[in-house]
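Next come the chains, spelled out residue by residue.
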Amino acid sequence: MSYLLPTLTTKKEVDTIIRDTIDKVLVLRFGRAADTVCLQLDDILAKTAREVSKFATVALVDVDSEDVQVYVKYFDITLIPSTVFFFNAHHMKMDSGTADHTKWVGAFHEKQDFIDVVEAIFRGAMKGKLIVNCPLPPERIPKYQLLYKDV
């Protein structure tokens, strides 16, 4: 399904889409096209891209590309897929009850879950917020353990 969404492989492409997406939520999925969980998430993103097109833009970022490693390091993309949200070039954060508010780690369970998250981010961003509460119930939020290196 990743062929249905734009795939960014260079830093310049990522910079341009972040800078040029105005008054819409930008959804960047960091991952690999061959990973099964990424394919599951790509399927959900591709099916909902048209439904959220009035208030969101969806793009994929290939974590194996050497040119985007600066973003992989900056957003600490250690688990894939990881989804990062922007609004008017500002990084949007979401409190989903996990230790990391900067990104969504894992796939969404349903199309409606993704739509609800993007809509909550859009509504919060329109009110000037940089962090929003996750609208999903805790049982539909992927759980993972953070491992800290060199601590």
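Residues numbered from 1 in each chain as written. Predicted model: local features only at pLDDT ≥ 70, side-chain atom pairs only at ≥ 80, totals over all residues. Heavy atoms only, no water.

Draft legend 1. Quick peek at the packing of helix α2 (residues 36-49) against helix α4 (residues 111-126). The interhelical angle for the contact between α2 and α4, taken along N-to-C directions, is 65 degrees, at an axis separation of 9 Å. In terms of orientation, α2 lies roughly perpendicular with respect to α4. The way α2 lies across α4 gives a crossing that is right-handed. Between α2 and α4, the contacting residues are I44, L45, K47 and T48 on the first element and K111, F114 and I115 on the second. Class assignment for the residues of the contact of α2 with α4 results in four nonpolar, one polar and two charged. (Axes fitted to C-alpha atoms, helices over the stretch in contact; angles between N-to-C directions. Helix = DSSP H or I, 4+ residues; strand = E, 2+ residues; numbered from the N terminus. Parallel < 35°, antiparallel > 145°, perpendicular 65-115°, else oblique. Left-handed = near helix turned anticlockwise from the far one by under 90°. Contact = heavy atoms within 4.5 Å. Nonpolar A, V, L, I, M, F, W, Y, C, P; charged D, E, K, R; others polar.)

Draft legend 2. Representation of α2 in the model. Helix length check: α2 (14 residues) gives 20 Å between terminal C-alpha atoms against 20 Å at 1.5 Å per residue, within 8%. Residues of α2 that are buried include every one of C38, L41, D42, I44, L45, A46 and T48, and no others. Contacts from the buried residues of α2 go to β2 (25-31), β3 (56-62), β4 (82-87) and α4. Where α2 starts, the residue carrying a side-chain oxygen 3.3 Å from the main-chain nitrogen of V37 turns out to be D35. (Expected span 1.5 Å × (residues − 1). Buried < 20%, exposed > 50% of the residue type's maximum accessible area, 1.4 Å probe, protein only. Polar contact = N/O pair within 3.5 Å; in protein donor to acceptor, adjacent residues only side chain to side chain.)

Draft legend 3. Broad picture of the nonpolar core. With 29 residues, the main nonpolar core has V25, F85, W104, F108, F114, V117 and V118 as its most contacted residues. No other element matches α4, which puts six residues into this core. Counting residues in hydrophobic clusters, the runner-up holds 17 residues, among them L26, F30, V61 and V63. (Core = buried A, V, L, I, M, F, W, Y, C linked by side-chain atoms within 4.5 Å.)

Draft legend 4. Here's a closer look at the pairing of strand β5 (residues 90-95). Bridge count between β4 and β5: three bridges; the pairing is antiparallel. Note on β5: the bridge partner recorded for F86 is H91. Adjacent in sequence and paired antiparallel, β4 and β5 are bridged by two residues, among which N88 carries a positive phi angle near 50 degrees. Pairing analysis gives three bridges linking β5 to strand β7 (residues 131-133), with the strands arranged parallel. In the strand pairing of β7, K93 is matched with I131. (Pairing = 2+ DSSP bridges.)

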